[in-house]
There are 2 protein chains.
Amino acid sequence: MTHSVTLLEETWLASAGLRPTRQRLSLAHLLVGDGEHRHVTAESLYEASRDSGEKVSLATVYNTLRVFSEAGLLREITVNGARSYFDTNVSNHPHFFWEDSEELMDAPADELEIARLPDAPDGAEISKVDVVIRLRRS
Amino acid sequence: MTHSVTLLEETWLASAGLRPTRQRLSLAHLLVGDGEHRHVTAESLYEASRDSGEKVSLATVYNTLRVFSEAGLLREITVNGARSYFDTNVSNHPHFFWEDSEELMDAPADELEIARLPDAPDGAEISKVDVVIRLRRS
DNA sequence: GTATATGCAAATTATTTGCAGGAAT
DNA sequence: ATTCCTGCAAATAATTTGCATATAC
């Protein structure tokens, strides 16, 4: 069931200069509607959208995730050759990746301490540093 | 041009219990024949193989990279949603990834110092930690 | 009214698989 | 002999794109 309040979602879109269409608002609601951080794939968000009774096509989910990422509203995480994950937490933080279930979670940022990092080669600057801690059930 | 010496490549395969077929020896030669570390994709290795005059099918390149990785001879690196990279350096070390050219390189391992790492959640152990430093030309 | 977004189906890209023939042990 | 490997073509999976219609500004 959709909240009647769309202010948060509208503000979120507006902050990136994106038009508040029905589809974007409904996906935004699923992504950031409750203030919790979320990790989704195109497929998982599409299913969540279907389950919530909204109608948004899979192509639009793909396109919207891409647009949101390029606008800085999401962070794309690459852990797995095949699928892309998108994180509503756009700050620099490490991830746990469960190798068996292919699930991606935040790892506690305050427990990671990088004391020294290689310098970027000449002519380059660091765009971001991805730290993925891969987990195997023991 | 293929070296007449295949001892290194044979040893490399034998150490993982893999049969020294013509195709594997020739790919192994391209991968570790000169003792340098290399980062390849299926496509790039296939091209290198074609250029060297050997005939190995693309499917076999894919299958062979997978077999080599599962045998521990290569390390698969995921940097990019789409393509898989394979590294002949199987030790734990960070990578530079050039976002514009999609090129993957080793970063100096001695310049990375991780002082503290999040503990694995209960019931899990760390399988590996991937550190990818993404670079943008400046 | 004009620019931008959406939906569908078709296209593309990376990769895997089934199976018949070939090579290694 | 038997087990494993290779090549091809077809299958699959994730994602993108072209284009007509719909919606936001």
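Reading the values: the criteria
Residues numbered from 1 in each chain as written. Chains lettered and ligands numbered in written order. Predicted model: local features only at pLDDT ≥ 70, side-chain atom pairs only at ≥ 80, totals over all residues. Heavy atoms only, no water. UniProt positions renumbered as here; feature names shortened; annotations may be inferred. Phe/Tyr/Trp six-rings, centres within 6.5 Å; stacked < 30°, edge-to-face > 60°. Helix = DSSP H or I, 4+ residues; strand = E, 2+ residues; numbered from the N terminus. Buried < 20%, exposed > 50% of the residue type's maximum accessible area, 1.4 Å probe, protein only. Near = heavy atom within 4 Å. Polar contact = N/O pair within 3.5 Å; in protein donor to acceptor, adjacent residues only side chain to side chain.

- Under an unreviewed UniProt entry, the name given to chain A is Ferric uptake regulation protein, and the source organism is Aliiroseovarius salicola.
- Per its UniProt entry, chain A bears the Subunit (unreviewed entry) comment "Homodimer."
- Listed under Sequence similarities (unreviewed entry) in UniProt, the entry text for chain A is "Belongs to the Fur family."

### So, the packing of aromatic side chains
Residue and element names in this part refer to chain A.
- For the structure on display, the rule yields 4 aromatic pairs over all chains.
- Centroid distance tryptophan 12 to phenylalanine 68: 5.2 Å. Interplanar angle 85°. Geometry classified as edge-to-face. Remark: phenylalanine 68 occurs in helix H4 (residues 58–70) and tryptophan 12 occurs in helix H1 (residues 7–14); sequence separation between them is 56 residues.
- Judged by relative accessible area, which is 0%, phenylalanine 68 ranks as buried.

### Section: the protein's contact with DNA strand D
- Residues in close proximity to DNA strand D total 19 residues, the closest being Arg83 and Ser84 of chain A together with Thr21, Gln23 and Thr60 of chain B.
- For DNA strand D, the fraction of atoms within 4 Å of the protein that belong to sugar or phosphate moieties is 79%.
- Between serine 57 of chain B and DNA strand D, the recorded distance is 3.3 Å, taken from a backbone N or O atom to a phosphate oxygen.
- Every element with two or more residues in the surface near DNA strand D is listed here: H4 of chain A together with helix H2 (22–32) and helix H4 (58–70) of chain B.
- The element that contributes the greatest number of residues to the surface near DNA strand D is H4 of chain A, accounting for 4 residues.

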